[in-house]
Amino acid sequence: MQVRRRRRIDRLKDEVYRQMFRLEASYPGAEMGLALALLRAWIDADCRSEVSEQEWLAKISPICLVMIETSLDPEGSPKLHLR
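Definitions and limits used
- Residues numbered from 1 in each chain as written.
- Predicted model: local features only at pLDDT ≥ 70, side-chain atom pairs only at ≥ 80, totals over all residues.
- Heavy atoms only, no water.
- Helix = DSSP H or I, 4+ residues; strand = E, 2+ residues; numbered from the N terminus.
- Phe/Tyr/Trp six-rings, centres within 6.5 Å; stacked < 30°, edge-to-face > 60°.
- Buried < 20%, exposed > 50% of the residue type's maximum accessible area, 1.4 Å probe, protein only.
- Patch = residues over 30% accessible without salt bridge, like charges linked within 9 Å, V, L, I, M, F, W, Y side chains within 5 Å.
- Areas by Shrake-Rupley, 256 points an atom, 1.4 Å probe, with all protein chains shown as cover.
- Salt bridge = Lys/Arg side-chain N within 4 Å of Asp/Glu carboxyl O.

Engineer: Explain unusual backbone geometry here, please?
Structural biologist: A negative phi holds for most residues other than glycine; trans holds for most peptide bonds. Look at S26: it is not a glycine, yet its phi comes out positive at around 65 degrees. By the secondary structure assignment, S26 is in the loop between helix 1 (3-24) and helix 2 (30-48).

Following this line, the structure appears as C-alpha cells:
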C-alpha cells in the first residue's frame, strides 16, 4: 500500500477516534462530528476498496452508532444492539 494512502487511512481513523472521545466527554455537537467522520471514512473505503479499512469500519461503526444514539436520547435505550 502506498505511503500516502496509509497516511490518509490513519488520518480518517484518528478523526473517528477523536470524535468518539469528544462525544464521550459531552462536547456540544460531537454527535454530528462523529457521524460525519464515519461517513467520510466509509466513502473513502468504498472508493478505494480497501478491505482492511472496511473491516475496521464494520467493527467500529456499531459502537459509534450506539454512542450517538445514547447521547441523543440519554433516557432511552439504543436502537442498535451489539452482538
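The discussion continues.
Engineer: Before we go on, may I ask you to explain the packing of aromatic side chains in this structure?
Structural biologist: The description of an aromatic ring pair uses the distance of the two centres, along with the angle that the planes make with each other. The full count for this structure, using the stated rule, is 1 aromatic pair. Measuring from ring centre to ring centre gives 5.6 Å for Y17 and W56, while their planes differ by 75 degrees; the resulting arrangement is edge-to-face. Of this pair, Y17 sits in helix 1 while W56 is found in helix 3 (residues 51-72), placing the two residues 39 residues apart along the sequence. Exposure remark for W56: the relative accessible area of 12% places this residue in the buried category.

Engineer: Even after reading the chapter, I still don't get a nonpolar patch on the surface, so can you show me in this structure?
Structural biologist: Taken together, the side chains of M32, L36, L39 and I43 make up a nonpolar region of the molecular surface, amounting to roughly 380 Å² of accessible area. By relative accessible area, M32 is classed as exposed at 52%.

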